[in-house]
Amino acid sequence: MLVLSALLVSFLPTGMVAVVKEKDGSVILYEPVKPGDVILVGFTHSVEKVPDIEYFEVGRDRKLLLTRTIYGSMGAGLPSDDTFNVTYDGNGYFLIDNINKTFDSISYMTGDIPKHYIIIHENKYPIYSLIPEGKQFILTIEQNYALKSLLSSI
């Protein structure tokens, strides 16, 4: 009975985790999060060669809400209409707020120029040193279970 109880408890949900996986499913990062937490994804723009930072808020529905981006230039690909609030901070960066686009997952491609990193709870994870160049990686928010928490801490 004790073994059965322990087995059942191991499959109980215990919260959420931010997960970074390679396209083949290999887990690169597994970090507990909760609704309202902010995840930053930073990289160097491959054409403009300037820093870009994307701000995602963790939703109760395990979705990622893109709330803000910061770009090091006003180059190609940035919004040119008044749908978003675009401001200049005076230090060379353009801040785009009120984006409010929801994603189930976000995919990126590693490279020598972008050097992607992720910041969660002030911890910076250098994705570029964890995944070979030219590989896709995916950021998602997943349900955490007691068993997964135990295994990830070993």
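All values reported here derive from a predicted model rather than from experimental measurement.

A.B. asks: What is the right way to look at the nonpolar core in this model?
C.D. replies: Generally speaking, nonpolar side chains in soluble globular proteins are found buried as a group. Residues V33, I39, I118, I120 and I141 are the most contacted members of the largest nonpolar core, which totals 25 residues. Setting aside residues no more than four positions away along its own chain, I118 makes contact with V20, L29, I39, L40, V41, N123, K124, Y125, I127 and F137.

A.B. asks: Quick question: what am I supposed to make of the side chain of E31 here?
C.D. replies: Relative to the assigned elements, E31 resides in strand β2 (residues 27–33). We note that E31 is buried and unpaired, the nearest opposite charge coming from K34 at a distance of 10 Å. Residues within four places of E31 in sequence aside, it is in contact with M16, V17, A18, I120, H121, N123 and Y125.

A.B. asks: What is the right way to look at the confidence of the model for the chain in this model?
C.D. replies: Keep in mind that low pLDDT regions are not for reading the predicted coordinates in detail. Model confidence for the chain is summarised by a mean pLDDT of 84, while 81% of its residues fall at 70 or above. Scored below 50 in pLDDT, residues 2–10 shows four contacts in the model against residues more than four places distant or in partner chains. Note that pLDDT drops below 50 for residues 147–154; the model gives that stretch nine contacts with residues more than four away or on any other chain.

A.B. asks: Sorry, what's going on with the pairing of strand β6 (residues 85–88) here?
C.D. replies: The two faces of the sheet receive side chains in turn, since in a regular strand these alternate between them. Relative to strand β7 (residues 94–103), β6 is paired through four bridges, and the arrangement is antiparallel. Bridge pairing in β7 links N85 to D97. The hairpin formed by β6 and β7 contains five residues between the paired strands, and G90 there has a positive phi angle of roughly 85 degrees.

How each quantity is defined
Residues numbered from 1 in each chain as written. Predicted model: local features only at pLDDT ≥ 70, side-chain atom pairs only at ≥ 80, totals over all residues. Heavy atoms only, no water. Core = buried A, V, L, I, M, F, W, Y, C linked by side-chain atoms within 4.5 Å. Buried < 20%, exposed > 50% of the residue type's maximum accessible area, 1.4 Å probe, protein only. Contact = heavy atoms within 4.5 Å. Helix = DSSP H or I, 4+ residues; strand = E, 2+ residues; numbered from the N terminus. Lys, Arg positive; Asp, Glu negative; His and termini not counted. Salt bridge = Lys/Arg side-chain N within 4 Å of Asp/Glu carboxyl O. pLDDT = per-residue confidence, 0-100. Pairing = 2+ DSSP bridges.

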